[in-house]
Amino acid sequence: MPAVIDADVVRHVARLARLALSEDERETMRRELSGILEHVDQVRGLDLSEVPPTTHAIPLQNVLRDDAPRPSLPTELALREAPEVAGGGFSVGRMG
Amino acid sequence: MAGLTDLTAEQAIAALRAREISSVDLTEAHLARAEADDWHAFLAVDRDGALARAREIDAMPERPPLAGVPIGIKDALSTRDLVTTSGSKILEGFRPVYTATCVDRLERAGAVVIGKTNMDEFAMGSSTENSAYGPTLNPWDRTRVPGGSSGGSAACVAARQVPWSLGSDTGGSIRQPAALCGIVGVKPTYGAISRYGLIAFASSLDQVGPFARTVRDASLLLGHMVGRDPMDATSLDWPDPIAVPDAERLDGVRVGVVEELMGEGVDPGVRDAVEAALRTVEDLGGTLVPVHLPHSRYALSTYYLIAPAEASANLARFDGIRYGHRTDHAENLLETYENTRAEGFGPEVKRRIMLGTFALSSGYYDAYYGQAQRVRTLISRDFEEVFSQVDVVASPTSPTVAFPLGARTADPLAMYLSDICTIPVSLAGLPSASIPCGVSDGMPVGLQLAGPALSENRLLATAHALETALAFDTRPPGLA
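Residues numbered from 1 in each chain as written. Chains lettered and ligands numbered in written order. Predicted model: local features only at pLDDT ≥ 70, side-chain atom pairs only at ≥ 80, totals over all residues. Heavy atoms only, no water.

## What about the overall build of chain A?
And then number 1: Secondary structure summary: chain A contains 3 helices and 2 strands in total.
And then number 2: Going from the N terminus to the C terminus, chain A shows its helices and strands as α-α-α-β-β.
And then number 3: Its C-alpha radius of gyration of 22 Å places chain A more than 25% over the 12 Å reference for a compact globule of 96 residues.
And then number 4: Considered along the principal axes of its C-alpha atoms, chain A spans approximately 55 × 45 × 20 Å.
And then number 5: By the burial criterion, 29% of the 96 residues in chain A qualify as buried.
And then number 6: Taking the contacts inside chain A whose residues are at least 6 apart along the sequence as the reference set, 40% of them involve residues at least 24 apart.
And then number 7: Per element, the accessible surface of chain A, about 6,600 Å² overall, is 52% carbon and sulfur. (Helix = DSSP H or I, 4+ residues; strand = E, 2+ residues; numbered from the N terminus. Rg over C-alpha atoms; globule rule 2.2 N^0.38 Å. Buried < 20%, exposed > 50% of the residue type's maximum accessible area, 1.4 Å probe, protein only. Contact = heavy atoms within 4.5 Å. Areas by Shrake-Rupley, 256 points an atom, 1.4 Å probe, with all protein chains shown as cover.)

If you want it as structure tokens, here you go:
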């Protein structure tokens with residue numbers, strides 16, 4: 001049985017994803033996600049307890065670089081594309 | 001200036017080196033086509049920047065290896081000061097402060113960037129219809145899609161707006177549009193090309209690669225991009241230089257025909273064209289071996305858990321604070337995030353963020369994402385087993401030819417099925433190429449070849465020999 005995607009799940013996941021959805025979008029999302037999950041459900045039932053997960057298709061180990069200082073992006077360039085800047089930093093707006 | 005835009009990159013380089021043509025003339029000829037753009041392949045054309053660079057290269061006493069040949073760059077690749085949107089409204093007007101390593105390497109080698117090509121938003125799609133800036137049209141038939149997500153990069157090469165271009169491929173986004181536009185597309189081994197400056201979709205799958213009208217051109221471009229980059233910890237030290245292939249025989253080459261990708265779900269016309277191309281393998285001295293990828297039937301499900309999960313994490317950076325769009329409608333920080341993203345992302349991106357966030361959420365992680373990573377191991381093992389018997393595997397690139405605009409936009413799953421042949425290879429991180437191999441319903445058909453990790457030279461040699469024998473005409477009928 002695929003996981004049940006109801007309105008509460010959609011609301012919860014949208015909050016986790018920091019995505020405002022309209023009522024209509026939530027209903028569309030519920031329907032479409034249910035359809036996709038039904039399709040992908042075939043992988044849930046497989047017994048794979050003996051199979052290790054792949055996190056990286058081409059194995060690489062211990063990729064390290066020297067911990068040496070190097071020039072970073074100049075502040076004015078780092079801030080160039082920001083919607084709002086204040087006091088040499090990104091302006092975030094009201095927190096509360 | 002007729003004819004300049006029909007040159008392959010290799011022919012153009014020879015003419016540039018012999019000083020028979022200038023980079024300025026060659027760039028002008030391509031700019032004119034890119035600016036007319038009857039296919040909406042480009043999101044931005046950089047006339048001034050391109051001509052300035054062409055002039056510089058023309059003035060050099062000795063031409064650099066790529067000699068001043070124009071190129072189109074997928075809009076997912078950052079280009080310093082040149083607007084880069086990844087096909088999304090959330091990055092409208094965004095000017096990166098640095099250039100992607102792969103683009104930087106090509107520019108240093110003498111490539112002239114003439115513009116940024118259209119794509120599905122954040123590379124999520126198989127038709128370029130998910131671009132926030134409108135779809136690209138197929139140069140073979142303007143009522144059909146060019147494929148995706150790198151549809152602009154494929155269309156611009158087919159339409160002679162550039163001789164070659166760069167795309168990115170996560171589940172098929174180079175190979176599938178190459179197939180649907182009748183050109184060559186190569187997705188190299190995962191890690192072959194630095195992803196630094198590639199706007200991330202699914203980091204364990206994303207890979208940059210070339211589009212061209214010949215395998216030799218694609219090989220030449222690839223050769224200038226591979227190799228370790230300190231800015232991408234997953235980039236590989238490249239063992240052997242990429243050779244520009246010239247052999248025309250396939251003696252001793254064992255080509256595995258993937259049975260699971262030749263049957264149900266593949267259009268008969270596509271199958272016929274692919275089977276005819278495979279008979280050519282035997283004519284050239286190669287042998288065909290039927291092979292099986294038994295877990296490939298789980299590949300689509302696996303991909304649609306892994307890629308959205310990684311995307312949901314990668315796209316968290318688009319929050320309206322550091323760059324890109326910020327909402328005007330927010331009372332607090334949470335609303336700034338939620339409304340910025342609601343206004344900036346299109347429907348497919350939202351769908352995948354939701355799916356990925358769900359697959360990673362507490363209580364579901366092991367059942368979905370964790371399970372998908374284990375199936376990924378099984379798919380890789382299938383390929384290992386197959387490559388103990390054969391050198392290369394072959395299948396259709398796409399189960400259908402280019403479909404009409406709008407045909408699959410209402411049904412996400414139908415769209416996802418476009419990538420059923422390319423996704424298994426992506427999950428295993430293997431190198432793969434699509435070459436045009438015939439026509440069905442008046443539209444080009446792509447043959448997908450894939451090999452073991454790091455086997456690019458053998459893969460490209462096989463592709464070149466087949467391409468030469470098949471002698472496919474890459475010029476779309478009626479192209480002005």
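## A word on helix α10 (residues 333-344) of chain B
And then number 1: For α10 of chain B, with 12 residues, the first-to-last C-alpha span of 16 Å sits near the 16 Å given by 1.5 Å per residue.
And then number 2: Those residues of α10 of chain B that sit buried are L333, T336, E338, N339, T340, R341, A342 and G344 of chain B.
And then number 3: Those residues of α10 of chain B that are buried lie in contact with α1 (7-16) of chain A together with α11 (347-360) of chain B.
And then number 4: Where α10 of chain B starts, the residue carrying a side-chain oxygen 3.2 Å from the main-chain nitrogen of L334 of chain B turns out to be N332 of chain B. (Expected span 1.5 Å × (residues − 1). Polar contact = N/O pair within 3.5 Å; in protein donor to acceptor, adjacent residues only side chain to side chain.)

## What to know about the packing of helix α2 (residues 23-40) of chain A against α11 of chain B
And then number 1: Across the interface, α2 of chain A lies against α11 of chain B with an axial gap of 10 Å and an inter-helix angle of 60°. When the axis of α2 of chain A is compared with that of α11 of chain B, the two are oblique. For the pair α2 of chain A and α11 of chain B, the sense of crossing is right-handed. Along its contact with α2 of chain A, which presents E25, M29, E32, L33, I36 and L37 of chain A, the element α11 of chain B presents K350, R351, M354, L355 and F358 of chain B. (Axes fitted to C-alpha atoms, helices over the stretch in contact; angles between N-to-C directions. Parallel < 35°, antiparallel > 145°, perpendicular 65-115°, else oblique. Left-handed = near helix turned anticlockwise from the far one by under 90°.)

## As for the confidence of the model for chain B
And then number 1: Looking at chain B as a whole, the pLDDT averages 97, with 100% of positions reaching at least 70.
And then number 2: Interface confidence for the predicted complex, given as ipTM, is 0.95, next to a pTM of 0.97. (pLDDT = per-residue confidence, 0-100.)

## Digging into the side chain of D419 of chain B
Residue and element names in this part refer to chain B.
And then number 1: Note that D419 resides in the loop between α13 (412-416) and α14 (423-428).
And then number 2: Of the side chains with opposite charge, R352 comes closest to the buried, unpaired D419, at an N-O distance of 6.3 Å.
And then number 3: Aside from chain neighbours lying at most four places away, what touches D419 is S126, G171, G172, Q176 and Y304. (Lys, Arg positive; Asp, Glu negative; His and termini not counted. Salt bridge = Lys/Arg side-chain N within 4 Å of Asp/Glu carboxyl O.)

## Observations regarding the pattern of salt bridges
And then number 1: Scanning all chains against the criterion turns up 30 salt bridges over all chains.
And then number 2: When the shortest N-O distance is used, the salt bridge between R30 of chain A and E27 of chain A registers 3.0 Å. Of the two residues, R30 of chain A and E27 of chain A are both situated in helix α2; the distance of 3 residues between them amounts to about one turn of the helix.
And then number 3: Taking the relative accessible area as the measure of exposure, R30 of chain A reaches 26% and is therefore partly exposed.
And then number 4: R326 of chain B is the partner of E84 of chain A in a salt bridge, and the nearest nitrogen-oxygen pair spans 3.0 Å. Taken together, the positions of E84 of chain A in the loop between α3 (75-78) and β1 (85-86) and R326 of chain B in the loop between α9 (299-314) and α10 put the pair across two chains.
And then number 5: Residue R326 of chain B is classed as buried on the basis of its relative accessible area of 15%.
And then number 6: Linked by salt bridges that have partners in common, E32 of chain A together with E348, R351 and R352 of chain B make up one network.

## Here's the deal with the interface of chain A and chain B
And then number 1: Counting residues at the interface gives 54 residues for chain A, matched by 63 residues for chain B.
And then number 2: The partner of E32 of chain A in a salt bridge is R351 of chain B, with the nearest N and O atoms 2.6 Å apart.
And then number 3: Those elements giving two or more residues to the side of chain A that touches chain B turn out to be α1 and α2 of chain A.
And then number 4: For the side of chain A that touches chain B, a count of residues per class yields 34 nonpolar, 9 polar and 11 charged. (Nonpolar A, V, L, I, M, F, W, Y, C, P; charged D, E, K, R; others polar.)

## A few points about the nonpolar core
Residues and elements named next belong to chain B.
And then number 1: Membership of the largest hydrophobic core comes to 147 residues, with the highest contact counts inside it found for F122, L166 and L447.
And then number 2: In terms of residue count, the dominant contributor to this core is α9 (9 residues).
And then number 3: Other than its neighbours up to four places away in sequence, F122 contacts S86, S88, I90, L91, I199, F201, L315, F318, F345 and V349.
And then number 4: Of all hydrophobic cores here, the second largest spans 22 residues; its members include V24, A50, I57 and A178. (Core = buried A, V, L, I, M, F, W, Y, C linked by side-chain atoms within 4.5 Å.)

## Notes on the environment of I57 of chain B
Residues and elements named next belong to chain B.
And then number 1: The topology assignment puts I57 in helix α3 (residues 47-59).
And then number 2: Along the backbone, I57 and I306 are 249 residues apart, and their C-alpha atoms lie at a distance of 44 Å.
And then number 3: In contact with I57, other than residues within four places in its own chain, are R63, P64, A67, G68, G110 and V112.

## Focus on the sheet that holds strand β5 (residues 184-187) of chain B
Residue and element names in this part refer to chain B.
And then number 1: Pairing in this open sheet of 11 strands is mixed, and the strands run β1-β3-β2-β4-β6-β5-β10-β11-β9-β7-β8 from one edge to the other. Two strands lie at the open edges of the sheet, namely β1 (42-45) and β8 (287-291), each paired on one side alone. Taken over all neighbouring pairs, the strand axes of this sheet differ in orientation by 30° on average, direction set aside.
And then number 2: Against the sheet, helix α4 (residues 101-108) touches β2 (69-74), β3 (111-117), β4 (164-169) and β6 (207-212), its axis set at about 145° to β3.
And then number 3: The strands touched by helix α15 (residues 456-470) are β5, β9 (392-396), β10 (432-440) and β11 (443-450); relative to β10, the strand with the most contacts, the crossing angle is about 15°. (Pairing = 2+ DSSP bridges.)

## As for the pairing of β3 of chain B
Residues and elements named next belong to chain B.
And then number 1: With 7 of its 7 residues buried, β3 lies for the most part within the structure.
And then number 2: In terms of strand pairing, β1 meets β3 through 3 bridges, oriented antiparallel. Residue pairing for β3: F42 is matched across the bridge by T117.
And then number 3: Note that β2 and β3 share 6 bridges and pair parallel. For P70, the partnering residue across the bridge sits in β3 and is V112.
And then number 4: Handedness of the β2-α4-β3 crossover: right-handed. (Right-handed = clockwise from strand over helix to strand, strands pointing away.)

## As for the pairing of β9 of chain B
All names here are of chain B.
And then number 1: Extensive coverage of β9 is indicated by the burial of 5 of its 5 residues.
And then number 2: Note: strand β7 (residues 254-258) against β9, 3 bridges, orientation parallel. The residue of β9 that forms the bridge with G256 is V393.

## Remarks on the packing of aromatic side chains
Residues and elements named next belong to chain B.
And then number 1: Using the criterion set out here, one finds 14 aromatic pairs over all chains in the structure.
And then number 2: A centroid spacing of 4.9 Å and a plane angle of 45° characterise the contact between F122 and F318, whose relative ring orientation is tilted. Taken together, the residues F122 in the loop between β3 and α5 (151-158) and F318 in the loop between α9 and α10 connect sequence positions 196 residues apart. For the residue pair F122 and F318, the accessibility class agrees, reading buried in each case.
And then number 3: Considering the side-chain rings of F358 and Y364, the 4.4 Å spacing of their centres and the 35° angle between planes classify their relative orientation as tilted.
And then number 4: Using a relative accessible area of 24% as the deciding quantity, one classes Y364 as partly exposed.
And then number 5: Three or more aromatic residues joined by ring pairs form one cluster here, namely F94, F122, F318, Y323 and F345.
And then number 6: Here R408 stacks its cationic end above the ring of F403, 3.9 Å away from the centre of that ring. (Phe/Tyr/Trp six-rings, centres within 6.5 Å; stacked < 30°, edge-to-face > 60°. Lys NZ or Arg CZ within 6 Å of the ring centre and 35° of its normal.)

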